[in-house]
Amino acid sequence: MVMKLKSRVAYAASRFSTSAVASTHQQIPWASSPSPSPSSCIIQDNELLRKSLYPSGTGLHVLDLLDQGSLEPHRTLYHLLLKKCTRLRKPKLGKIVHAHILNSVFRHDLVILNTILGMYTKCGCLDDARNLFDQMPLKDVVTWTTMITAYSQHDHPLHALLLFPHMLSLGILPNQFTLSSLFKASAALPNTPHIHFHGTQLHAYCFKCGFDSNVYVGSSLLDMYARCGCMDEARLFFGALHTKNEVSWNALIAGHARKGQVDHALWLFWKMLRQDFQPTHFTFSSIFGACASTGSLEQGKWVHAHVIKSGGEIAAFMGNTLLYMYAKSGSIQDAKKIFDRLVKRDVVSWNSMLTAFAQHGLGKEAVQWFQEMLRIGVVPNDITFLCLLTACSRAGLLDQGQYYFKLMRNYNIEPQISHYVTIVDLFGRAGLLDEAKRFIREMPIKPTAAVWGALLGACRMHKNMELGAYAAERVFELDPHDSGPLVLLSNIYSSSGRWSDVAEVRKLMKERGVKKEPACSWVEIENTVHVFMANDVTHPQIEEIRKMWEEISMRIKEIGYVPDTSHVLFYMDQQERELKLQYHSEKLALAFALLYSPPGSTIRIKKNIRVCGDCHSAIKFVSQVVRREIVVRDTNRFHHFYDGSCSCGDYW
């Protein structure tokens, strides 16, 4: 784009030069001169934001020319300047243009003021935007929508919602973009009751005004219901939409994915394809996330295959989720392959691999990965260090963990509570319980229940009853409704045979209405997930499963397995204790997998709580007897069992 300046002799520039017209095929009047001057100057588009030539100037050369009278002010000129500031994210230059406009004939021009407002909001300058908004003598629906959208997109949902009734009180009616932003703001509120309250109020307004049938408003409304977990309402509204687009499909798929409902998400994905809608990176990311949450590796591979067949690139956003899916499903090698194939790698990509190493207990590999990350110039963030510290903790790398905790400040990263929890866990796993307690006392921020919970977990591991009871009391004070600490304390007492103390803890749990989460394990066979509870009798093949485990149990006892009855948390005789251990959920899942999975294939089991010590020992022996790799994912980490040993080195 070019602009013609007024001739130094007489003429004012009114049109582009002949060469410019030939190249752009457009003419924009800047002044009222009847014809261009053959001696006029040219300003290229890339010089619009050229700085002033002299210190006394406005800051922009074009604005200096306006002040000198070399160029006539025009709405389109200001519009171009503001758009360029917005596109290049240069709010400081935008403020210079804004200041110049306030001294021009366009200071009350609504279109120009809306453009300035848009520049501030898109550059993230919400305070400047709100100041301008409050000072504007006239506002239209564009003004209000711009401000509402800005608050919605910059994590100020309540501010966005509070503007809406004020807007209505002035007689200004919203459009589809206003309502879409309001639903997005409602969905971003911090808790579900608030989401539902504000969302249903907006839904009623849309229904009254006939906006609920609009595909853009409808998609946002659908997303709002999905985000607050109201999937029945979301499905009902989805079915009532006259017109659907990729956004509405994605909203419903993402809602099911967030709730871990992989079957629902995959069914919708299949239906979406059947109706000739093209899935986007957001669609794939949602499904990969759902597969990761349940460890559904085969389902995730099927969707990955569709991405490949459709010719889609594994870009950073979707690629990171795909990488995470493989890592959470226990396939660290596939996760590495995805990382190597990413079109573009960002810090999230590197963090995803660090998370994978941490979950699989590969501390040394995580340290090497971090060093490579620094070598190529990727700047770590707080998540990077959290992943790295977790990896060090789970691998028992005490010195490295302390070193990297101190290194955080070299990158101006202030440790958050999650980092402190990891260091307490690091000391605790290493058996340095007094150092862990001292570290907590010296923390610059107040310890939370999670911090004391990490110490309590270490006390359970090392059977330190006195310190465990002290840590449990601190957790009770900070989070009296959490069942975890009471269960851990009960485990500490029971493993030491202090049954009267166990009874006291269980009495306390009953008084507080606290219930232990039932242990369950699941395994995926031929795209179907089979779930087992301890002592399960509900599975259709339970007799075959129990018979298989009894056979396996006999074989592993022959090579040295001895049931560890200290993990039975009830007072009973030795025979009853062994029988209680016999049908833990992970053992039933393993027996089922041995019956119905292809010979020689890797068995992947997921468990909702920490794997117990006896099951861990038993599965090591099973891996030796059946000559197969067995991968167990619990709440702490992955355990890779093969040929009688575990990747955790019995340190978990």
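Residues numbered from 1 in each chain as written. Predicted model: local features only at pLDDT ≥ 70, side-chain atom pairs only at ≥ 80, totals over all residues. Heavy atoms only, no water.

K.L.:
What's the story with the overall build of the chain in this structure? I'm lost.
P.N.:
Of the regular secondary structure elements, the chain holds 32 helices and 8 strands. Sorting the 652 residues of the chain into buried and exposed places 51% on the buried side. In the chain, once contacts between residues fewer than 6 apart in sequence are set aside, the share between residues at least 24 apart is 61%. Carbon together with sulfur atoms contributes 53% to the accessible area of the chain, which is approximately 31300 Å² in total. (Helix = DSSP H or I, 4+ residues; strand = E, 2+ residues; numbered from the N terminus. Buried < 20%, exposed > 50% of the residue type's maximum accessible area, 1.4 Å probe, protein only. Contact = heavy atoms within 4.5 Å. Areas by Shrake-Rupley, 256 points an atom, 1.4 Å probe, with all protein chains shown as cover.)

K.L.:
What's the story with the pattern of salt bridges in this structure? I'm lost.
P.N.:
Pairing is possible between side chains of opposite charge, provided their charged atoms come close. Per the counting criterion, the structure on display carries 13 salt bridges. Between D614 and K587 there is a salt bridge whose closest N-O contact spans 2.6 Å. Of this pair, D614 sits in helix α32 (residues 613-626) while K587 sits in helix α31 (residues 585-596), placing them 27 residues apart in sequence. In this structure K587 comes out as buried when scored by relative accessible area, which is 1%. (Salt bridge = Lys/Arg side-chain N within 4 Å of Asp/Glu carboxyl O.)

K.L.:
Help me understand the nonpolar core, please; the structure alone is not making it clear to me.
P.N.:
Ranked by internal contacts, the top residues of the largest apolar core, which has 155 residues, are Y78, L81, V97, I116 and L455. Among the elements that line this core, the one with the most residues is helix α25 (residues 449-462), at 8 residues. Discounting residues that sit within four places of it in the chain, L455 has contacts with V424, L433, A436, I440, L467 and A471. Core analysis: the second largest hydrophobic core is formed by 29 residues, L594, I619, F641 and C646 among them. (Core = buried A, V, L, I, M, F, W, Y, C linked by side-chain atoms within 4.5 Å.)

K.L.:
Looking at this structure, how should I read the environment of M465?
P.N.:
Assignment of secondary structure puts M465 in helix α26 (residues 465-478). The exposure class of M465 is partly exposed, given its relative accessible area of 22%. Taking the C-alpha atoms as reference points, M465 and Y493, 28 residues apart in sequence, are found 7.0 Å from one another.

K.L.:
Any chance you could explain the state of the cysteines here in plain terms?
P.N.:
What makes a disulfide is a covalent bond joining the sulfur atoms belonging to two cysteines. In this structure the tally under the stated criterion is 0 disulfides. Of all cysteine sulfurs, the one in C125 lies closest to C123, which takes part in no disulfide; the gap is 5.7 Å. Note on C123: relative accessible area 17%, which makes it buried. On the accessibility criterion, C125 (16% relative accessible area) is buried. (Disulfide = S-S within 2.5 Å.)

K.L.:
Which parts of the structure should I look at to understand the side chain of T115?
P.N.:
Its place among the elements puts T115 in helix α5 (residues 110-122). Once residues within four sequence positions are removed from consideration, T115 is found in contact with H79, L82 and K83.

K.L.:
I would appreciate a short explanation of the packing of helix α8 (residues 157-169) against helix α10 (residues 192-209) in the present structure.
P.N.:
For any two helices packed against each other, one specifies the crossing angle of their axes together with the interaxial distance. Put simply, α8 and α10 touch, their axes get as near as 12 Å, and they point 30° apart. Classed by the angle they form, the pair α8 and α10 counts as roughly parallel. In the packing of α8 onto α10, the handedness of the crossing is left-handed. Contact with α8, carried on its side by L161, F164 and L168, involves H198, L202 and Y205 of α10 and no other residues of that element. Looking at the contact of α8 with α10 residue by residue, the classes come out as 5 nonpolar, 1 polar and no charged. (Axes fitted to C-alpha atoms, helices over the stretch in contact; angles between N-to-C directions. Parallel < 35°, antiparallel > 145°, perpendicular 65-115°, else oblique. Left-handed = near helix turned anticlockwise from the far one by under 90°. Nonpolar A, V, L, I, M, F, W, Y, C, P; charged D, E, K, R; others polar.)

K.L.:
Which parts of the structure should I look at to understand the sheet that holds strand β4 (residues 528-533)?
P.N.:
Note: strands within a sheet are paired through backbone hydrogen bonds, in either parallel or antiparallel orientation. Here 6 strands make up an open sheet; going across it, the order is β4-β3-β5-β6-β7-β8 and the pairing mixed. In the strand order of this sheet, the two ends are held by β4 and β8 (645-646), each with one partner. Here strand β6 (residues 630-633) runs beside strand β7 (residues 638-642); their pairing, made up of 4 bridges, is antiparallel. Pairing of R633 across the sheet is with F638, part of β7. (Pairing = 2+ DSSP bridges.)

K.L.:
Honestly, helix α20 (residues 363-375) in this entry has me stumped. Any pointers?
P.N.:
The end-to-end C-alpha distance of α20 is 19 Å, a good match for the 18 Å that 13 residues give at a rise of 1.5 Å each. What α20 keeps buried is the set G363, A366, V367, W369, F370 and M373. Looking down the long axis of α20, one finds its buried residues gathered within 160° of arc, a one-sided arrangement. When the buried face of α20 is taken as reference, the exposed residues oriented beyond 90 degrees from it are K364, Q368 and R375. Contacts made by the buried residues of α20 are with α18 (332-341), α19 (347-359), α21 (382-395) and α22 (398-407). (Expected span 1.5 Å × (residues − 1). Arc of directions from axis to C-beta.)

K.L.:
Mind showing me how you'd approach the packing of aromatic side chains here?
P.N.:
To describe a pair of aromatic rings, one takes the distance between the centres and the angle between the planes. Overall, the coordinates contain 23 aromatic pairs when judged by the stated rule. Seen from their ring centres, F238 and W249 are 4.8 Å apart, and the 75° between their planes marks the pair as edge-to-face. Of this pair, F238 sits in helix α12 (residues 231-240) while W249 is found in helix α13 (residues 246-258), placing the two residues 11 residues apart along the sequence. Overall, F238 belongs to the buried group, its relative accessible area being 8%. Cluster of aromatic residues (ring-pair linked, three or more members): F370, F385, Y403, Y404 and Y411. (Phe/Tyr/Trp six-rings, centres within 6.5 Å; stacked < 30°, edge-to-face > 60°.)

K.L.:
What am I meant to see in unusual backbone geometry here?
P.N.:
When glycine is set aside, most residues are seen to have a negative phi, and most peptide bonds are trans. Backbone geometry places N412, a non-glycine residue, at a positive phi of 55°. Summarising the element assignment, N412 is placed in the loop between α22 and α23 (417-429). Judged by relative accessible area, N412 falls into the exposed class, the value being 76%. Although it is not a glycine, D643 sits at a positive phi angle of roughly 50°. Along the chain, the position of D643 falls in the loop between β7 and β8.

K.L.:
Please clarify how the confidence of the model for the chain should be interpreted in this entry.
P.N.:
In low-pLDDT regions, the fine details of the predicted coordinates are not to be read closely. In the predicted model, the chain carries a mean pLDDT of 85, and 89% of its residues have values of at least 70. Across the chain, element-level confidence peaks in α22 with a mean pLDDT of 96 and bottoms out in helix α1 (residues 18-24) with 31. A low-confidence stretch, residues 1-40 stays under pLDDT 50, and its non-local contacts, those more than four residues away or across chains, total 75 contacts. pLDDT under 50 marks residues 570-575. Its contacts with residues more than four places away, or in other chains, come to 8 contacts. (pLDDT = per-residue confidence, 0-100.)

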